[in-house]
Amino acid sequence: MGFLGPNNGDDANEDGHDAGGDRKDMTELDKYWKAVRDTPQDFTGWTYLLQYVEQENDLIAAREAFDAFFKCYPYCYGYWKKYADLEKKNIFIDRCQEVFERGVAAIPLSVDLWQHYISFFRTQYPGPEYEEKTRSLHERSVQSAGLEFRSDRLWEIYIQYEIDCKKPRNAMEIYDRLISTPTQLYSHHFEKFEEFVRDNLPKDILSAEEFLVLRMEYLKNQKASAPTSDDASAEGEQNKKSADSSSTNDDAKTENDAKKEEEEASAIRDKIIELRRVKHKANEEEVSRRWNFEEGIKRPYFHVKPLERTQLKNWRDYLDFEVENGSHERVVILYERCLIACALYEDLWLRYAKYMEAFGEDGPRSVYDRACSIHLPQKPNIHLARASYEEKSGNFSKAIEALNFLEKMFPTYLPAKFRRLGLVRRTGKREDVEALFKKYIDAATSPSIASLYAIKLARYRFKVCGDIEGSKRILNTAIENDKDNPKLYLQLVDICYQTTPVDEEAVVTAFDAALEGDSNLDTKLLLAQRKVEFLEDLGCDIVRLQEAYNDLSKLTRTGFENRKRVLEDRSDDSVKDKRLRMELNGVAAVTAVTAAGTAAQADPSSYNYSWAGYAQNYNYQTAWNMYGQQYYPQQ
């Protein structure tokens, strides 16, 4: 559709290799690239890279940088404009238009980006042969962003375009849509609409059907208010006299006919405005209900900086209001607006996806795709929610794909592995479950992690497969590799405990193995207590029960002695600190008294046997207060 321009591409080939000369100073460029490749979430690093390629005017490097940037931050409408301007500057008009198309596809609610795109298109393709394509672009803009509260400018330039093209009926149709759309300048639009109606004939702005209806209504009203027969005869006589005195040209309209036509047009105009005023009033009410929410939106555009709490609360309250009171279309638009400003907030994406579940599968999937692949790849909860949604929808392959992505992103994130094990288990394929458990156990980074998987596998074998001996073997193997892990022993005890009939020997053996390990005293006390409880409830040997009680008593006594020793050590330290403070305070007090006595000996004239003077001159009161405060420690 585009063309290369006046130079016809002489200064730049179709790939842009000559646009900025030789690609020099690659070392500097590589530094900027290294920063963003190491940390793709470093927004400042991206801005430095884009600024550098822009000022170097290296179009190949710029395209590569901008394309990579928009994979991470597609909501930055200002950078789409910069990218398009760079292509236009280097006379790549087709590529410029392509950038704009990509931009409005990525952020369709960007009123500013649509304005820039329309301005570019109308400048490049001003001829009448492009009228329909220009009109189509205007229509796309209001279809995409027309419900944005601040979309007034898009509507205005669309209406003005139709007026400039001498298509007032098209302009009227746009006004009809705008009058019912809550926007910031709704009142101004209605005033402009009234001017538009006054400046045009009704038959030029209305559809034929509506015009005929209004005209028939006007004529009906005129007939109902027509004068009586006498008045009509008098008026006819007057008209006859007037006709005799006028020109005989039958084609010319009489002054009276022209006046009647003007009255008719004026009456129909008033009716047009009256009918639309009803819609305007209803729209005004809708605007007033949303006005406070809109006033609370201080940052409607995307930025990596966190939003203030009041801003987030305003968005959440606004969404609650729209879900309860608005149409589905308006709710979707508000969510999309919200997620431009709040693109980095996981809870709002989850909320949007949950809302869309009631309207088919495509909506939630689109939300999850954008959130997981573009805006929140580092947030694990959104990936888990996506996997749950796909599994719930019966799309197991998509669910596994989401969990695989999460595992690659966070190799040590256990909830993702557990969710995948559960997903495979719910498919009913036991071989796949066993294989996945084995894979995770072999790849475990520590014995404790391997033991955790072994416990889950033992439970699976026991509860799902009914393989009691197999579950015991799994736990015994895990104990060999992680002997000090009490959870393994407790799980082994639990499995033996739940078998029917209860295998007392197996349970006691599991308890004894756990108690002989190197677990801490608190864990051993817990195990000993459970052993006693088991033998009391289900044991058949009183001797074994008595031995268990004795072992528990020994452990309890050991624990008591250990705690007592700790308390005594703490008490000894406290006494030592107390004595030290007393000694230090005593030295300070003695020093003060000594200093006072020395001063008295040095100045005999200071002696005064008056008690008041005695206390004042020698400062005894002060010294004794200090002595009392410092020598005796506070309790």
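As the structure is a prediction and not an experimental result, all values here were calculated from the model.

Remarks on the state of the cysteines
Across all of its chains, the model carries zero disulfides by this definition. Unpaired in this structure, Cys342 has its nearest cysteine sulfur neighbour in Cys338, at a distance of 4.0 Å.

Considerations on the environment of Asp112
Within the fold, Asp112 resides in helix α6 (residues 111–124). The spatial distance from the C-alpha of Asp112 to the C-alpha of Arg153 is 9.0 Å, given a sequence separation of 41 residues.

So, the packing of aromatic side chains
Per the counting criterion, the structure on display carries 33 aromatic pairs. Relative to Tyr125, the ring of Phe121 lies with its centre 4.8 Å away and its plane at 50°, an arrangement referred to as tilted. Look at Phe121 and you get buried, because its relative accessible area is 4%. Since its relative accessible area comes to 1%, Tyr125 is described here as buried. With a centroid separation of 5.2 Å and 45° between ring planes, the pair formed by Tyr355 and Phe359 is classed as tilted. The exposure class assigned to Tyr355 is buried, which follows from its relative accessible area of 16%. Aromatic ring contacts, followed pair by pair, group Trp33, Phe43, Trp46, Phe66, Phe69, Phe70, Tyr73, Tyr79, Trp80, Tyr83 and Phe302 into a single cluster. It is Arg63 that lies over the ring of Phe92; its NZ or CZ is 5.0 Å from the centre.

Description of unusual backbone geometry
Cis geometry is adopted by the peptide bond preceding Pro501, which originates at Thr500 and carries an omega value of -5°. Of note, the phi angle at Asn57 is positive, near 55°, even though the residue is not glycine. Looking at the element boundaries, Asn57 is found in the loop between α2 (43–56) and α3 (59–72). Notably, Lys166 is not glycine yet its phi reads approximately 65°, a positive angle. As for its placement among the helices and strands, Lys166 is situated in the loop between α8 (152–164) and α9 (168–179).

Some words on helix α22 (residues 430–442)
Taking 1.5 Å per residue as the helical rise, α22 with its 13 residues ought to reach 18 Å, and the 18 Å between its terminal C-alpha atoms agrees with that figure. Taken together, the buried positions of α22 are Val433, Leu436, Phe437 and Tyr440. Along the long axis of α22, the arc covered by the buried residues comes to 100°, so they all point the same way. Turned more than 90 degrees away from the buried face of α22, the exposed residues are Glu431, Lys438 and Asp442. Close packing links the buried residues of α22 with α20 (396–409), α21 (414–426) and α23 (447–464).

Some details on the confidence of the model for the protein
Low pLDDT marks regions whose predicted coordinates should not be analysed in detail. Predicted confidence across the protein gives a mean pLDDT of 83, with 81% of residues reaching 70 or more. In the predicted structure, residues 1–25 sits below a pLDDT of 50 and forms 48 contacts with residues beyond four places in sequence or in another chain. Between residues 586–635, whose pLDDT stays under 50, and residues either more than four places distant or in other chains, the model counts 26 contacts.

Thoughts on empty space enclosed by the protein
Summed over all chains, the structure comprises two cavities of 30 Å³ or more. Roughly 40 Å³ of internal volume is contained in the largest cavity. Taken together, Leu147, Glu294, Tyr318, Glu322, Arg330, Ile333, Leu334 and Arg337 make up the full set of residues lining the largest cavity. In terms of residues, the lining of the largest cavity owes the most to one element, helix α16 (residues 328–341), which gives four residues. Of the residues in the lining of the largest cavity, the class split is four nonpolar, no polar and four charged. Lining of the second largest cavity is provided by Leu178, Ile179, Thr181, Tyr186, His189, Phe190, His280 and Asn283. Taken together, the elements giving at least two residues each to the lining of the second largest cavity come down to α9, α10 (186–199) and α14 (255–295). Top element by residues in the lining of the second largest cavity is α10. It accounts for three residues. By residue class, the composition of the lining of the second largest cavity is four nonpolar, four polar and no charged.

Cut-offs applied
Note that residues are indexed from 1 along each chain, following the sequence as it is written. Local features in a predicted model are, by the rule used here, given only for residues with pLDDT of at least 70; side-chain atom pairs are given and counted only at 80 or more, and totals for whole chains, interfaces and linings are based on all residues. In computing side-chain properties, one takes all heavy atoms of the structure into account and sets aside hydrogens as well as water. In what follows, a disulfide is any cysteine sulfur pair within 2.5 Å. Helix and strand assignments follow DSSP, with helices taken as H or I runs no shorter than four residues and strands as E runs no shorter than two, numbered in order from the N terminus. In this analysis, rings of Phe, Tyr and Trp, with Trp reduced to its six-membered ring, are considered paired at centre separations within 6.5 Å, and the interplanar angle assigns stacked below 30 degrees, edge-to-face beyond 60, and tilted for intermediate values. Note on classification: 1.4 Å probe, protein chains only; a residue is buried when its accessible area is under 20% of the maximum for its type, exposed when over 50%, partly exposed between these limits. Comment: the charge-over-ring label is applied if NZ (Lys) or CZ (Arg) is within 6 Å of the ring centre and within 35 degrees of the ring normal. Multiply 1.5 Å by the residue count of a helix minus one, and that product is the helix's expected span. Directions drawn from the helix axis to the C-beta atoms are what define this arc. Only heavy atoms enter the contact rule, under which two residues are in contact if any of them lie within 4.5 Å. The quantity called pLDDT is the predictor's confidence in a given residue, expressed from 0 to 100. A cavity, in this analysis, means grid points on a 1 Å lattice covering only the protein atoms where a 1.4 Å probe fits yet has no way out; a pocket is instead an open set bounded by protein on both sides within 12 Å along at least five of seven lines, and a residue lines either one if it has an atom within 4 Å of a point. Grid points are joined across faces, edges and corners, and a volume is the space filled by probe spheres set on the points. All residues other than Ala, Val, Leu, Ile, Met, Phe, Trp, Tyr, Cys, Pro, Asp, Glu, Lys and Arg, Gly among them, are scored as polar; the first ten of these are nonpolar and the last four charged.

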